[in-house]
Amino acid sequence: MAADDGGTDQSHKAHRSRQSGASAKKKKRGKSDKKSRDIPDNEKKQNPRAFAFSSSNKAKRLQSRAVEKEQRRLHAPTIDRTYGEPPPFVVLVHGPPQVGKSLLIKTLVKHYTKHNLPEVRGPITIVSGKQRRVQFVECPNDINGMIDAAKFADLALLLIDGSYGFEMETFEFLNILQVHGFPKVMGVLTHLDKFKDAKKLKKTKQRLKHRFWTEIYDGAKLFYLSGLIHGKYPKREIHNLARFISVMKFHPLSWRAAHPYVLVDRFEDVTSPESVRLNAKCDRNIILYGYLRGCNMKKGTKVHIAGVGDYNLAGVTGLPDPCPLPSAAKKKGLRDKEKLFYAPMSGLGDLLYDKDAIYVDINDHFVQYSNVDENGEVTRKGKADETGVVMIKNLQKSKFGIDEKLESLEKHFFDIFGRKQNILSQAHDNGKDAEAEEQNRELEPYTMGVDTSSEQSDSESGSGSSDEDEAAERDVKMRSEDDVSDKDNDDVTEQQTELKDHLKERVEYYGGRRRRKVVFGEDLADNNLEVAY
Ligand SMILES: Nc1nc2c(ncn2[C@@H]2O[C@H](COP(=O)(O)OP(=O)(O)OP(=O)(O)O)[C@@H](O)[C@H]2O)c(=O)[nH]1
């Protein structure tokens, strides 16, 4: 039929879009909106005034950002030549005596590893994240120790007794840091629980913060540890500090990056006992263990051991990492079991690596003793004639552990991590300050001398900021690391020349011991002394 043929080429009537009604209106509105949004760029340029900044603040911000970007571009790029797993970053904890250095390290180690550290001795390596290890070191209280420590610190935590104020040790150390490339520096105020009056505490915090900023650079990080809870610093504050350390960016210092150096975390005397017996002062063979930093070390190089002298290396050997990074591939987070640490000098950790052996320390309650009891009977049956069993029995008989042996060696030999008496204090004892000290000795402990009251009134006047703690916390949370660390570095170099010509030292007895207080220029002029609480 004809009707069937026409079926294929039948022309349909075109759709007629609606000209009126709700949907037509909506369509029209959509089109006009689109038009207004797509203003072409050249149109904007034709009328620049219409698109200028409406806020002067915004304009200023944008301009300074542009200048900053430009300046950063002009800086010589720092080349990081390290490859493989980077060695742990060294966090040095420095401060005058009794300020809380050991306690801070113990609390930080507890935070990271959930283990209690019995004592702080030598470097303590911990895994702080999937890609990062940190080594905590307590700075000795003498000037030689400070000089050595300034050479290897990547970050220096300067502990300051907030209840007393700045002490000379802090400024001496800052001066030493200046000539060692100035690593990152952060301040930590302790003993703040000694303040009874909250208002006074707030003012002192602010005063110390501004003084810290003057001495280092504006905006230098200062943490507050408000007191002790069950003999430890508060968890929240330690969490913030640890977070800051974990995310901090460390820029390689150029001299260090070009020279190999090792921070020794363990050493061993391998001289044959016979030659020591024959001559107690014979030349010793010492093995030093530690992470190699900077660049590669060649076998024949001469090395300088700080405080000991220059020596030839008999050999250099690569050992398995005693505290490896967790395998990043498998898991997202860092599980509790993997939180590793390595502190051979502090008596923490189960594994001890030697050149030719690994010592495994097993907890007593996991050990099946096969020792012979008092009656001569074997308490638990084992194969008595096996060599391994005999060796273990011999070990059980040994009177002195490896630690005691090392200790006795140290006494006779040298003390790498020694805590010698403060050379400076000795000098002062003998020198010009002896008189002043003698006078101060007559004063009661806990008294501050003549001008105490004037400062008290001084610290009461003025205004305090209430939002410092919040700001610190916020800072940790919303950290834009790149900007901050870059700024830090720039600021430090700018300010290095301005440090510390304007301060004086005052020796006094406070809190039952001798302290060297820092008195600043303006305080001297005003005859103002600081008061604690
Ligand atoms: N009230 C109070 N006591 C603190 C605070 N910080 C530390 N201490 C106490 O100060 C004492 C000394 O602490 P340490 O950690 O041994 O100080 P240190 O700086 O390692 O001391 P040295 O190794 O002798 O230089 C300890 O008894 C601590 O409990 C604090 O913020 N408030």
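Here the structure is shown first, and the text comes after it.
Every value quoted in this text rests on a predicted model; they were computed, and no experiment measured them.

In this section: the overall build of the chain. The number of helices and strands found in the chain is 19 helices and 15 strands. In the chain, which comprises 533 residues, the proportion classed as buried is 36%. Summed over all atoms, the accessible surface of the chain reaches about 34,000 Å², with 52% contributed by carbon and sulfur.

The next subject is the site of the ligand. In the vicinity of the ligand, 14 residues are found, and the nearest of them are Ser102, Asn141, His191, Asp193 and Tyr233. A distance of 2.8 Å separates an oxygen atom of the ligand from a polar atom in the side chain of Asn141. Separating a nitrogen atom of the ligand from a side-chain N or O atom of Asp193 is a distance of 2.8 Å. Starting from 650 Å² of accessible surface for the ligand in isolation, the protein chains cover 73%. The element contributing the most residues to the shell around the ligand is helix α5 (residues 101–113), with 3 residues.

Below, the discussion takes up the pattern of salt bridges. Applying the stated criterion to the full structure yields 13 salt bridges. Across the pair Arg73 and Glu70 runs a salt bridge whose closest N-O atoms are separated by 2.9 Å. Of the two residues, Arg73 and Glu70 are both situated in helix α4 (residues 56–74); the distance of 3 residues between them amounts to about one turn of the helix. According to the relative accessible area criterion, Glu70 is partly exposed, its value standing at 36%. Between Arg277 and Glu274 there is a salt bridge, with the nearest N and O atoms lying 2.8 Å from each other. Within this pair, Arg277 and its partner Glu274 are both found in helix α11 (residues 273–278), separated by 3 residues, close to a single helical turn. Taking relative accessible area as the criterion, Arg277 reaches 59% and is therefore assigned exposed. A single salt-bridge network, built from bridges that share partners, covers Glu85, Arg133 and Asp321.

Attention shifts here to the sheet that holds strand β1 (residues 89–94). Judged by pairing direction, the sheet is mixed, and its 7 strands sit side by side in the order β6-β5-β4-β1-β3-β2-β11 without closing on themselves. Where the open sheet ends on each side, the last strands, each with one partner, are β6 (222–224) and β11 (341–342). Where helix α8 (residues 198–215) meets the sheet, its contacts fall on β4 (155–161), β5 (184–190) and β6, and the angle it forms with β6 comes to roughly 155 degrees.

Right, let's talk about the side chain of Thr125 for a bit. In this structure, Thr125 sits in strand β2 (residues 124–127). Classification of Thr125 by relative accessible area gives buried; the value is 0%.

Parameters at a glance
- Residues numbered from 1 in each chain as written.
- Predicted model: local features only at pLDDT ≥ 70, side-chain atom pairs only at ≥ 80, totals over all residues.
- Heavy atoms only, no water.
- Helix = DSSP H or I, 4+ residues; strand = E, 2+ residues; numbered from the N terminus.
- Buried < 20%, exposed > 50% of the residue type's maximum accessible area, 1.4 Å probe, protein only.
- Areas by Shrake-Rupley, 256 points an atom, 1.4 Å probe, with all protein chains shown as cover.
- Near = heavy atom within 4 Å.
- Polar contact = N/O pair within 3.5 Å; in protein donor to acceptor, adjacent residues only side chain to side chain.
- Salt bridge = Lys/Arg side-chain N within 4 Å of Asp/Glu carboxyl O.
- Pairing = 2+ DSSP bridges.
- Contact = heavy atoms within 4.5 Å.
- Axes fitted to C-alpha atoms, helices over the stretch in contact; angles between N-to-C directions.

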